[in-house]
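Residues per chain are reported as follows:
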Amino acid sequence: MMTPRSILMRRVLGALDASPSRIPVLLGGSGSGRTTLLHQLRDRVGRTSAQHIDVERIATTPERFLRAIVASSPFPVSEGSPAGPRAAFDTTLSFFARARSAGSETATFFLDEFLELRTFESFPGLRQVLHDLVDALGSSPNRFVLTSRYSARALRLLRDRASRFEVIHMPPLTAEDTLDMLGPAAAPGGPDQMDAHDAEYLGRTVQALADGRPSYVRAIADELTAMREHGGAGSADPISALAALLGPDAHLTKQCAFCYELRLHRARGYGALKAILEILAEEEGLTLTEISQRLQRTPGSTKDYLSWLEDVDLVTSTQKRYSFTDPLLRVWVRLHCRAAAPTDDDLAREVHRYALPRLPPQTEVPKTERHEPDFAMASAGSSSGLIEID
């Protein structure tokens with residue numbers, strides 16, 4: 001039986017394979033499964049023929065946006081390094097329109113949260129960024145899939161440009177989908193000895209409580225599993241799980257707070273502030289002049305940006321050199337504020353880079369009295385001093 005999710009996949013692939021191809025625009029709230037679907041589509045199309053771009057992470061300045069796309073692209077790049085916001089954005093549009101795979105085949109781009117390019121509208125000559133983007137994509141022979149969590153903005157933007165764009169609202173999970181996500185414990189005859197009727201009722205209950213949103217379903221499923229492990233099957237029910245998830249500092253409380261603050265924040269644009277944080281993530285202890293040169297903005301405007309970051313305790317100035325106030329936030333920016341998700345190697349490298357300088361020195365004791373702690377035995381015989389973490 002076809003599920004709404006499998007039907008959605010077929011619809012998007014059908015739009016991409018049409019001649020000429022249509023441009024699916026996937027709309028849905030946070031946690032609705034848009035990004036997951038893009039990753040599945042990229043795997044279907046092939047990683048050498050498609051590029052996934054997390055616009056939200058890298059929409060800082062037009063120049064840095066172009067640099068981030070080119071650095072992670074599987075497609076041959078012929079564009080240069082234009083100077084100025086307008087020239088950089090035009091070069092980006094040209095790359096989207098003309099890029100080809102190594103075999104000269106049509107390129108496919110997945111632009112996740114494409115409306116975040118609105119950030120660029122604060123730069124000179126870029127008052128119509130989204131209109132320029134839509135016009136360029138609509139006239140390109142390449143293939144595109146766009147996503148956004150802002151349905152009203154997307155519909156308003158595409159109202160007069162509907163000929164090639166196909167708006168698709170992300171469907172909620174069905175009770176059957178929900179039951180699959182709940183796992184073996186909710187299956188008839190599973191560890192909880194649940195019959196088919198009880199399992200079906202559980203699926204419908206969780207689906208209703210979660211409003212069919214995959215991220216909420218996953219959170220409830222994980223909480224139910226934890227409750228069963230600690231108190232047995234009789235202690236776990238969806239309502240208690242949801243209540244626990246909405247407690248202070250609990251998972252859904254944090255997720256909802258993030259979505260709330262994010263939407264309020266997106267009422268205005270702070271791309272330049274994000275660019276400065278990226279610059280400081282690459283190298284800390286920079287002066288105002290050094291930051292302004294890397295940002296390609298005047299010292300005066302850069303000083304304003306830095307004062308706004310200091311005002312909310314994101315950066316700190318010590319002897320006129322700027323650094324992150326929270327060092328772990330810097331690690332997060334290094335890992336996640338780029339076009340592609342970090343690999344396991346990236347995670348290991350950055351965590352080691354962060355942790356090793358902060359490890360307390362070992363107290364020197366006479367060799368006859370020295371006792372190695374248990375956790376140090378894994379590195380015996382190694383002269384690197386690294387702690388390996390599986």
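Everything below is about the structure printed above this text.
First, a word on scope: everything that follows refers to the structure included in this document. From a predicted model like this one, the values you see are computed outputs, not experimental measurements.

1. A few points about helix α15 (residues 299–311)
Taking 1.5 Å of rise per residue, the 13 residues of α15 would be expected to cover 18 Å, and the 18 Å separating its terminal C-alpha atoms lies within 8% of that figure. Summarising the contacts, the buried residues of α15 are in contact with α13 (271–282), α14 (288–295), β6 (315–318) and β7 (321–324). One or two positions beyond α15, positive phi appears at Asp 313, with a value near 60 degrees.

2. Describing the packing of aromatic side chains
Scanning all chains against the criterion turns up nine aromatic pairs. Consider the rings of Phe 65 and Phe 120, whose centres lie 5.5 Å apart with planes at 70 degrees: the pair is edge-to-face. Of this pair, Phe 65 sits in helix α4 (residues 62–72) while Phe 120 sits in the loop between β3 (108–112) and α6 (129–138), and the two are 55 residues apart along the sequence. The class of Phe 120 is buried, set by a relative accessible area of 0%. Taking 6.1 Å as the distance between ring centres and 80 degrees as the angle between the ring planes, the aromatic pair formed by Phe 89 and Phe 120 counts as edge-to-face. Here Phe 120 lies in the loop between β3 and α6 and Phe 89 lies in helix α5 (residues 85–98), a separation of 31 residues in the sequence. Given a relative accessible area of 1%, Phe 89 falls into the buried group. Each member of the aromatic cluster is reached from another via a ring pair, and the members are Phe 75, Phe 95, Phe 96, Phe 109 and Phe 144. The aromatic ring of Tyr 150 is capped on one face by Arg 153, whose charged end is 5.2 Å from the ring centroid.

3. Focus: unusual backbone geometry
Going from Ser 19 to Pro 20, the amide bond is cis rather than trans, its omega being -5 degrees. Looking at the secondary structure, you find Pro 20 in the loop between α1 (4–17) and β1 (23–27). For Asp 211, which is not glycine, the phi torsion reads 55 degrees and is therefore positive. Unusually for a residue other than glycine, Lys 320 sits at a positive phi of about 65 degrees.

4. Examining helix α2 (residues 34–45)
Taking 1.5 Å as the rise per residue, α2 with twelve residues should run 16 Å; its terminal C-alpha atoms sit 16 Å apart, in good agreement. Within α2, the full set of buried residues consists of Arg 34, Leu 37, Leu 38, Leu 41 and Arg 42. Angular distribution of buried residues about the axis of α2 spans 140 degrees; they occupy a single face of the element. The inward-facing, buried residues of α2 contact α1, β1, β2 (50–54), β3 and β4 (143–148). Immediately beyond the C-terminal end of α2, within one or two residues, lies Gly 46, with a positive phi of roughly 115 degrees.

5. Let's talk about the pattern of salt bridges
What the rule picks out here adds up to 22 salt bridges. The salt bridge partner of Arg 64 is Glu 278, with a shortest N-O separation of 3.5 Å. Taken together, the residues span a long stretch of sequence, with Arg 64 in helix α4 and Glu 278 in helix α13 at a distance of 214 residues. As far as the burial class goes, Arg 64 and Glu 278 line up, both buried. Taken together, the shared-partner salt bridges in this structure form one network comprising Arg 334, Arg 338, Asp 346, Arg 349 and Glu 350.

6. Some thoughts on the sheet that holds strand β5 (residues 165–169)
In space, the five strands of this open sheet follow the order β2-β3-β4-β1-β5, with parallel pairing throughout. If you trace the sheet from one side to the other, it starts and ends with β2 and β5, each paired once. This sheet shows a mean twist of 15 degrees between the axes of neighbouring strands, independent of strand direction. Summarising the sheet, β2 and β3 pair through five bridges and their orientation is parallel. Pairing of Ile 53 across the sheet is with Leu 111, part of β3. Against the sheet, α5 makes contact with β2, β3 and β4, and its axis sits at roughly 135 degrees relative to β3, the strand it touches most.

Basis of the calculations
- Residues numbered from 1 in each chain as written.
- Predicted model: local features only at pLDDT ≥ 70, side-chain atom pairs only at ≥ 80, totals over all residues.
- Heavy atoms only, no water.
- Helix = DSSP H or I, 4+ residues; strand = E, 2+ residues; numbered from the N terminus.
- Expected span 1.5 Å × (residues − 1).
- Contact = heavy atoms within 4.5 Å.
- Phe/Tyr/Trp six-rings, centres within 6.5 Å; stacked < 30°, edge-to-face > 60°.
- Buried < 20%, exposed > 50% of the residue type's maximum accessible area, 1.4 Å probe, protein only.
- Lys NZ or Arg CZ within 6 Å of the ring centre and 35° of its normal.
- Arc of directions from axis to C-beta.
- Salt bridge = Lys/Arg side-chain N within 4 Å of Asp/Glu carboxyl O.
- Pairing = 2+ DSSP bridges.
- Axes fitted to C-alpha atoms, helices over the stretch in contact; angles between N-to-C directions.

By themselves, these are just geometric observations and shouldn't be taken as functional.
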